[in-house]
Amino acid sequence: MEGPFDVITFDCYGTLIDWETGISEAMSHEARKDGIELDRADILELHAKIEPEVQAGAYRSYRSVLTEVARAVANRLGWRLENDRAGFLAESIADWRPFPDTNDALERLKRAGRALGILSNVDDDLFAQTRRHLSVDFDLVITAEQVRSYKPAPAHFLAARDRIGQRTWLHAAQSYFHDVMPARQLGIPVVWVNRNRDQPTGNARPDVEVRDLTELVDWVKDE
């Protein structure tokens, strides 16, 4: 793996932003309005299953994706969620917070002279709300809205490769399915930020596995 790296790109939600807490709290809060208690593990398991199925169809905005996912998760859990209320999940993105290590890690990489980027399955306006919680400016932002598709489809990575050019590039992400596997298939060096201590899926393997962003930065600065 060629280094040191000039550019480091990140998946956003799950890697920089604690979206599991954001999703589960938003779903639970809305369900309590109807007197229903939802289990965090059930919410996240269903969300992880349903969202890729929705994204695999014809392109639609991420706001639309989250609305459909919220309805489907609620239905599977026995909660009758009216259609006109299902947009709450997308609206909650503005409140999803970074992991405790995120901003310090990004700032350390900036001080070390790395260009930083985002490759995210999100709409531009929704990421703009998230960006307020992140303490660095990004040199590169590629969203699903821009490329009209969702990872693990290759469009994010191909667009990034075109914009990065000949500079050396490392991608870092938590999702094996959305990021590690397509990055390896395209020959892009990738670090798996395995916050949940998951097991690998499929045959692809990351170039490096770390437990969090602090460990990632320590490795980058040493490589």
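Residues numbered from 1 in each chain as written. Predicted model: local features only at pLDDT ≥ 70, side-chain atom pairs only at ≥ 80, totals over all residues. Heavy atoms only, no water.

(A) Summary view of the packing of helix α5 (residues 102-111) against helix α10 (residues 213-222). Where α5 meets α10, the closest approach of the two axes is 9 Å, and the angle between their N-to-C directions is 15°. On the basis of their axis angle, the class for α5 and α10 is roughly parallel. As for the relative orientation of α5 and α10, their crossing is left-handed in sense. Here α5 contributes Thr 102, Ala 105, Arg 108 and Leu 109 to the contact with α10, which in turn contributes Leu 213, Thr 214, Val 217, Asp 218, Val 220 and Lys 221. A class-by-class count of the residues in the contact of α5 with α10 yields five nonpolar, two polar and three charged. (Axes fitted to C-alpha atoms, helices over the stretch in contact; angles between N-to-C directions. Helix = DSSP H or I, 4+ residues; strand = E, 2+ residues; numbered from the N terminus. Parallel < 35°, antiparallel > 145°, perpendicular 65-115°, else oblique. Left-handed = near helix turned anticlockwise from the far one by under 90°. Contact = heavy atoms within 4.5 Å. Nonpolar A, V, L, I, M, F, W, Y, C, P; charged D, E, K, R; others polar.)

(B) Up close: the packing of helix α2 (residues 40-55) against helix α3 (residues 62-76). Where α2 contacts α3, the two axes come as close as 9 Å, and the packing angle between them is 135°. As the angle between them shows, α2 and α3 are arranged oblique. Helix-helix and strand crossings are classified by hand; for α2 and α3 the assignment is right-handed. Contacts from Ile 43, Leu 46, His 47, Lys 49, Ile 50, Glu 51, Val 54 and Gln 55 in α2 reach Tyr 62, Val 65, Leu 66, Glu 68, Val 69, Ala 72, Val 73 and Arg 76 in α3. Its residues assigned to classes, the contact of α2 with α3 comprises 10 nonpolar, two polar and four charged.

(C) View of the packing of aromatic side chains. Per the stated rule, a full pass over the model turns up seven aromatic pairs. Ring geometry for Tyr 13 versus Trp 96: centroids 5.9 Å apart, planes at 80°, classification edge-to-face. One end of the pair, Tyr 13, is in the loop between β1 (7-10) and α1 (19-32); the other, Trp 96, is in the loop between α4 (88-91) and α5, with 83 residues separating them in the sequence. Residue classification places Tyr 13 among the buried residues on the basis of a relative accessible area of 6%. (Phe/Tyr/Trp six-rings, centres within 6.5 Å; stacked < 30°, edge-to-face > 60°. Buried < 20%, exposed > 50% of the residue type's maximum accessible area, 1.4 Å probe, protein only.)

(D) Examining the pairing of β1 more closely. Both faces of β1 are covered, namely the face carrying Val 7 and Thr 9 and the face carrying Ile 8 and Phe 10. When β1 meets strand β2 (residues 115-120), the two strands line up parallel, connected through four bridges. Note on β2: the bridge partner recorded for Val 7 is Ala 115. (Pairing = 2+ DSSP bridges.)

(E) Region of the structure containing α1. Its 14 residues give α1 an end-to-end C-alpha distance of 20 Å, which sits within 8% of 20 Å, the value for a rise of 1.5 Å per residue. Taken together, the buried positions of α1 are occupied by Trp 19, Gly 22, Ile 23, Ser 24, Ala 26, Met 27, Ser 28, Glu 30 and Ala 31. Elements that come into contact with the buried residues of α1 comprise α2, α3 and α4. (Expected span 1.5 Å × (residues − 1).)

(F) Spatial organisation of the environment of Gly 117. Structurally, Gly 117 is set in strand β2. Under the relative-accessibility criterion, Gly 117 is labelled buried at 0%. Each C-alpha atom, one on Gly 117 and one on Glu 107, is 13 Å from the other, the two residues being 10 residues apart in sequence. Beyond its immediate sequence surroundings of up to four residues, Gly 117 is in contact with Ile 8, Thr 9, Phe 10, Phe 138 and Leu 140.

(G) Main features of the nonpolar core. If you look at the biggest cluster of nonpolar residues, it comprises 57 residues, and the most contacted ones within it are Phe 10, Tyr 13, Leu 16, Met 27, Tyr 62, Leu 89 and Phe 138. Not counting residues within four places of it along the chain, the set of residues in contact with Leu 16 comprises Phe 10, Asp 11, Pro 98, Phe 99, Thr 102, Leu 106, Ile 118, Leu 134, Phe 138 and Leu 213. (Core = buried A, V, L, I, M, F, W, Y, C linked by side-chain atoms within 4.5 Å.)

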